[in-house]
Amino acid sequence: MGKGGQDEGRRGGGGGGGEEAAPPTFPAWARSVAECEAEFKVRAEHGLRSDEVVARREKYGWNELEKHAGPSIWQLVLEQFNDTLVRILLVAAVVSFVLAWIDGNEGGEMGITAFVEPLVIFLILIVNAVVGVWQENNAEKALEALKEIQSEHARVKRDGEWIHDLPAKELVPGDIVELRVGDKVPADMRVLYLISSTLRVEQGSLTGENASVNKTSHKVESEDTDIQGKECMVFAGTTVVNGSCVCLVTQTGMNTEIGKIHSQIHEASQEDDDTPLKKKLNQFGEALTAIIGVICALVWLINVKYFFTWEYVDGWPRNFKFSFEKCTYYFEIAVALAVAAIPEGLPAVITTCLALGTRKMAQKNALVRKLPSVETLGCTTVICSDKTGTLTTNQMSAVRLVAMGRWTDTIRSFKVDGTTYDPHDGKIHDWPGSNMDANLQMIAKIAAVCNDASVAHSGHQFVASGMPTEAALKVLVEKMGLPGGHTPPSGSSEILRCCEWWNYNAQRVATLEFDRTRKSMGVIVKSKSGSNSLLVKGAVENLLERSAYIQLLDGSVVLLEESSKALILDTLREMSTNALRCLGFAYKDDLADFATYDGEDHPAHRLLLDPSNYSSIESDLIFVGLVGLRDPPREEVYKAIEDCRAAGIRVMVITGDNKETAEAICRDIGVFKPDEDISLKSLTGKEFMSLSDKKNLLRQKGGLLFSRAEPKHKQEIVRLLKEDGEVVAMTGDGVNDAPALKLADIGIAMGITGTEVAKEASDMVLADDNFSTIVAAVGQGRSIYNNMKAFIRYMISSNIGEVASIFLTSALGIPEGLIPVQLLWVNLVTDGPPATALGFNPPDKDIMKKPPRRSDDSLITPWILFRYMVIGLYVGIATVGIFIIWYTHGSFMGIDLTGDGHTLVTYSQLSNWGQCSSWNNFTVTPFTAGTRHFSFDANPCDYFQSGKVKATTLSLSVLVAIEMFNSLNALSEDTSLLVMPPWVNPWLLLAMSISFGLHFLILYVPFLAQVFGIVPLSFNEWLLVLAVALPVVLIDEVLKFVGRLMSSKDTKRRLEKQKDE
């Protein structure tokens, strides 16, 4: 556990227990106000004494979130070298540097040429470390963002006096705090009493609820309840949206709910796992280390006779001779072999491919914050999605309007379309248009006037201010239109024209605020004729209890009989079963004391000052109808869920909402089938945590739903899924989601509704908050992974060829054909563009119809390895072969090679070139290469050292040409070039041109040619290069054909096995 967890008891509020304040287990929500005051030894009228504050601060510390000491820069730098490939490169660079230094001290070339290789490798390592440290440094930003949502000041009573703007960090358990509208709650607190009639708090960022919640001072009966159930508690970081109250601080600092989330984020950040690709590359690096070690040992054993010799005297070895120069030479070959075996360009190409992938995803509204997440997305097996705003629009909308019929035993029901706050989104089916009857007009009037919300146009969307349910009612009124012959008032807005017309004709003079007891809101309005009426909306059952009449279709008012009440309640039950939130409408014209009410000076105003009078004022009502609302599912989500099912990805919905609503949405969007038995698939977070075998539940096929879920439940679900080998993508928008986002393989935050804390803890941000965007991103991730596999296979096959070349050179005893700096150039520069271009391969059409690959699937299968061993062997034979041909043949395949005038030798002389000094009458004629002239009069044996420059150039050119043709082979794992021609990826053709261009650059620019130890080639020599390189395409085509035959046999075997089962 991190420091936050270890120090929690010491620094967090209420963390230590003892005599002066409550222990952390004290359930303030389940205790009366008097019991809480006694427990914390404080009275609301007086507050804490100054000396008590000092004592408690010493005990509990400051009311602030802890600062976790992150790793130092040096620790981060060292971590970047905790990678097998990087460590091999580092060793190769050090050895190369030492050899260059020794060579210089012994009279060799001490200039820049000798140090090109080690300097380039060191440069690669430095860039890699810088990028890694920069990424790591951003890891703890989620914790910093969390601190920003804390309150800075509070109004506190101490020593019997109110202190305004006391820094919130100075609060201690037992402090008495006053909260008002707009205040950010500074600590976890127990509500002592309400100053206003109601108190509403926005705590969605902490719990996931999509509406503000009512708070009360009454205790909760159960001690074991979730955050949503603690109705007499307010929590740090949440906001008061209505009313005011006085509270008692119960928890501060790290012991608040937000403090616990802080600790959980820190702990989750300590558990960052390597991505599936990084694990595979590490495994590959470890295997590579072993292979390099074995081959290096073989190279030395084969060539030991050249630097360590002895004679047998009387059957015993005598006269040992050791050549340090030859030993160093073969050590250099071993270093060259290491450089050849390591794909140095691989990290850069992977980074480039992932960066290109992020651009493609950004075009689809998925903003990737951490590059490796692109690859991890491709093997996602489970998506844990929030409901509100991701699967749904997070915009309440009316879906059904129920009005009274012509008779008391009939009702009318209208279906309402639309899923947003856009008044033009959808229509009301079977609507009479401008011929609205009196009953429908009254519903429109109440919905428009008894309403405090508004809707505005912002950017490309419509946004609501105020209660979402009230905003939905205003949108409904706009869809209903105006009664015939009426037009909106001049100067009215374009969005809510009808609502403004109703408000213009019925002007509000008083408001009866909503409260939890009567569950309704009322407004007294004055019509143009001067008469007053009362308009009421609220819970249907409560309005029916206080209604004596109903209004029929034609506007006539009749007594509310039991049969009519039963009909309305049956309709209500049916709508509630479908998870609709229902609101009823009623009115009253006979207002008694309020018939002439016109403001605060009226005698009846005193009755409005006491909310306990509201129920009696809202009595003998006339009931007119009801409406069903819900947060509707996004239209495109159903298909996205189907795509997930086809792609073998399971969808789990984890929400803070209630069970019935969540189940209805899950059936609508296809997580559950309409008639599916979900008794074992839909649980509350509490029910899940009480299970003895949680993993067994999570292994069920199909979708799962967890409602009333808290942060700890989300984390536990993610942790168990990961333990079971699943690759988990988790969505979230609130502060409460941050720990689970950090823990998941892919944390996905909402761009529109998401808090900064959630975004900073995430790997990816959805710009449109849309579930279907996740599914599109998974498809893109799969495509990118396939392309990465293509270029990884390409680069590794090229490296196998280089190793084969060096090994054959050593085994045959011929001079070294390729030097380390040339291999480094090929691996980094020449191979780079084609490998990057393979990242642009078009995706397979059925990419989202295949099951997700397992995160432990092998990057290179045994068959693929065999294929590239064959290709690699050909590369080795071709590069060594052309080296031998230049020395031993005047022409090859009809191509004349004598134009430069070089001397031909026998293969025996070439393979025993180390004994050249003992040959009699061995002479070499001078030859030219480009503008350079080579003469060997002083030392003919130098023909096998400095004179091999042309043969080396031919070897290097064949290697480059073969790797260019081999990139065409990598377009597809098994598909022939006849079916998938090179032009399906024009970027690859461009990349091949760039690579050839770079090769020509180092051949024909004298300075670069000298650095790389090569010379220009003639036309005939280029013909030879192409003739030797082209067969690699034919060889791979044969291997692909065999691969297709094997694949079709495997498919048939699988199908037969499925039939048998």
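The structure this text deals with has already been given above.
Values in this document were obtained by computation on a predicted structure and should not be read as measured data. (Residues numbered from 1 in each chain as written. Predicted model: local features only at pLDDT ≥ 70, side-chain atom pairs only at ≥ 80, totals over all residues. Heavy atoms only, no water.)

**Q** I would appreciate a short explanation of the overall build of the chain in the present structure.
**A** Along the backbone of the chain there are 38 helices and 34 strands. The buried share of the chain, taken over its 1061 residues, is 55%. If you take every contact in the chain between residues at least 6 apart in sequence, the share linking residues at least 24 apart comes to 71%. Summing over all exposed atoms, the chain offers an accessible surface of approximately 45,500 Å²; the carbon and sulfur share of this is 56%. (Helix = DSSP H or I, 4+ residues; strand = E, 2+ residues; numbered from the N terminus. Buried < 20%, exposed > 50% of the residue type's maximum accessible area, 1.4 Å probe, protein only. Contact = heavy atoms within 4.5 Å. Areas by Shrake-Rupley, 256 points an atom, 1.4 Å probe, with all protein chains shown as cover.)

**Q** What am I meant to see in the sheet that holds strand β29 (residues 746–750) here?
**A** Remark on secondary structure: sheet strands pair via backbone hydrogen bonds, oriented parallel or antiparallel. Judged by pairing direction, the sheet is mixed, and its 8 strands sit side by side in the order β12-β30-β29-β28-β13-β25-β27-β26 without closing on themselves. Only two strands of the sheet have a single neighbouring strand rather than two, namely β12 (366–368) and β26 (682–684). Neighbouring strand axes in the sheet, compared pairwise and without regard to direction, differ in orientation by 20° on average. Relative to strand β30 (residues 764–766), β29 runs parallel, the two sharing 3 bridges. By the bridge assignment, isoleucine 748 is partnered in β30 with methionine 764. Against the sheet, helix α23 (residues 659–669) touches β25 (650–654), β26 and β27 (704–707), its axis set at about 155° to β27. (Pairing = 2+ DSSP bridges. Axes fitted to C-alpha atoms, helices over the stretch in contact; angles between N-to-C directions.)

**Q** Looking at this structure, how should I read the sheet that holds strand β6 (residues 213–214)?
**A** Pairing is antiparallel across the open sheet formed by 3 strands, whose spatial order is β6-β5-β8. Taken across any chain shown, the strands that pair with only one partner, and hence form the sheet edges, are β6 and β8 (239–242). In the sheet, strand β5 (residues 200–202) pairs with β8 via 3 bridges, with the strands oriented antiparallel. Note on β8: the bridge partner recorded for glutamate 202 is threonine 239.

**Q** Got a minute to help me understand helix α26 (residues 711–723) in this structure?
**A** Residue pairs three or four apart in sequence face the same way in an α-helix, which turns once every 3.6 residues. With 13 residues, α26 should cover 18 Å at 1.5 Å per step; its first-to-last C-alpha distance of 18 Å lies within 8% of that length. Along α26, 10 of the 13 residues are buried, which leaves the element largely enclosed by surrounding structure. Looking at α26, one finds that the buried residues are Pro711, His713, Lys714, Gln715, Glu716, Ile717, Val718, Leu720, Leu721 and Lys722. Just past α26, the residue glycine 725 takes up positive phi, approximately 85°. (Expected span 1.5 Å × (residues − 1).)

**Q** What exactly am I supposed to notice about the pattern of salt bridges here?
**A** For side chains of opposite charge, pairing can occur when their charged atoms come near one another. Following the criterion strictly, the structure yields 28 salt bridges and no others. Two residues, arginine 412 and aspartate 437, come together in a salt bridge whose shortest N-O distance is 2.6 Å. Of this pair, arginine 412 sits in strand β15 (residues 411–415) while aspartate 437 sits in the loop between β15 and α15 (438–449), and the two are 25 residues apart along the sequence. The pair arginine 412 / aspartate 437 is uniform in exposure class, with both members buried. (Salt bridge = Lys/Arg side-chain N within 4 Å of Asp/Glu carboxyl O.)

Everything listed is a geometric property; what it means functionally is a separate question.
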